[in-house]
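Fold and geometry: a report
Below are the chains, spelled out letter by letter.
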Amino acid sequence: MAKVKMSKKAASIDMTAMCDVAFLLLTFFILTATAKQPEPLPVQTPASTNQTKLPETGLITITVGNANGEQKVFLGMKDRDIREKTLELMGNMHGVKFTKEETEKFRLIDEFGVPIGGLKQVIGMTSTERNKAGVQPGVPLDSLNNELKDWIYTARQANADLHPNGKELAFAIKGDAKQQYPQIHKIMDILQDQKINNFNLVTGLRAKPKVN
């Protein structure tokens with residue numbers, strides 16, 4: 001008895017639904033993504049094989065670098081509530097009153113480097129204007145006007161007021177690889193004067209040497 005041959009047909013899969021899902025996901029990620037803001041004081045950190053990760057919250061970063069031939073210091077705070085409370089305390093300490101609108105804008109500024117007297121002007125700028133080279137002269141830290149010391153003190157006070165049962169703030173120094181050591185040492189002295197003896201030094205990742 002002869003076998004009946006079944007005709008073979010090419011299988012096809014309707015990809016319309018999958019394409020729709022892919023485009024929906026792509027649209028979602030594009031609309032919800034936050035563009036990385038350029039650093040107001042870009043630095044080239046020294047290389048290291050240490051892979052210790054900095055905390056995502058409760059961190060104060062002190063950036064030290066050169067811009068237009070001048071040494072500058074910028075300050076960054078991870079937590080927006082601590083930024084807001086610190087601004088209030090710094091304003092009270094230096095006699096500068098910030099409006100509610102200025103405070104809300106300051107909450108969104110990740111890093112700044114300007115004397116407290118010029119902070120209102122910087123807050124009123126757009127992000128692009130604020131991050132242009134030479135706009136921010138840096139946070140003062142000389143012997144006659146050491147505002148960096150005041151920012152560190154008020155930030156710790158703000159953290160204690162907002163999170164009385166939480167951890168103390170962590171501090172990290174982010175210095176340029178070409179930065180002179182005396183400037184970094186000055187910042188270490190400011191931290192240690194406030195009994196802050198544990199802090200991180202931010203470095204870039206370097207490949208480990210191969211062992212033959």
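Here's a quick rundown of the structure. None of these values were measured; they are calculated from a predicted model.

**Some thoughts on the environment of Ala-160**
Its place among the elements puts Ala-160 in helix α6 (residues 147–162). Distance in space between the C-alpha atoms of Ala-160 and Ile-82 is 9.6 Å, their sequence separation being 78 residues.

**So, the packing of helix α2 (residues 80–94) against α6**
To characterise two packed helices, one gives the angle between the axes of the helices and the distance between these axes. Between α2 and α6, the least distance of the axes is 8 Å, while the angle of their chain directions is 125 degrees. Relative to α6, the element α2 is oriented oblique. In terms of crossing hand, the pair formed by α2 and α6 is right-handed. Judged by residue contacts, Asp-81, Ile-82, Lys-85, Thr-86, Leu-87, Leu-89, Met-90, Met-93 and His-94 of α2 engage Glu-147, Asp-150, Trp-151, Tyr-153, Thr-154, Ala-155, Gln-157, Ala-158, Asn-159, Asp-161 and Leu-162 from α6. For the contact of α2 with α6, the residue count by class is 10 nonpolar, five polar and five charged.

**Here's the deal with the packing of α6 against helix α7 (residues 181–193)**
Contact pair α6 / α7: the axes reach a minimum separation of 10 Å and the direction vectors enclose 40 degrees. Comparing their axes, α7 and α6 come out oblique. The two elements α6 and α7 meet at a crossing, and its hand is right-handed. From α6, Leu-148, Lys-149 and Ile-152 reach across to α7, where they touch Ile-187, Ile-190 and Leu-191. When its residues are assigned to classes, the contact of α6 with α7 shows five nonpolar, no polar and one charged.

**Quick look at the pairing of strand β3 (residues 70–77)**
Where burial is concerned, most of β3 is hidden: six out of the eight residues are buried. Looking at chain direction, strand β2 (residues 59–67) and β3 are connected through eight bridges and run antiparallel. When the sheet's bridge partners are listed, Thr-63 is paired in β3 with Phe-74. Sheet topology places β3 next to strand β4 (residues 111–112); two bridges connect them, and they run antiparallel. Paired with Gly-76 across the strands is Glu-111, a residue of β4.

What counts as what
- Residues numbered from 1 in each chain as written.
- Predicted model: local features only at pLDDT ≥ 70, side-chain atom pairs only at ≥ 80, totals over all residues.
- Heavy atoms only, no water.
- Helix = DSSP H or I, 4+ residues; strand = E, 2+ residues; numbered from the N terminus.
- Axes fitted to C-alpha atoms, helices over the stretch in contact; angles between N-to-C directions.
- Parallel < 35°, antiparallel > 145°, perpendicular 65-115°, else oblique.
- Left-handed = near helix turned anticlockwise from the far one by under 90°.
- Contact = heavy atoms within 4.5 Å.
- Nonpolar A, V, L, I, M, F, W, Y, C, P; charged D, E, K, R; others polar.
- Buried < 20%, exposed > 50% of the residue type's maximum accessible area, 1.4 Å probe, protein only.
- Pairing = 2+ DSSP bridges.

No statement about biological role is implied by the geometric values presented.
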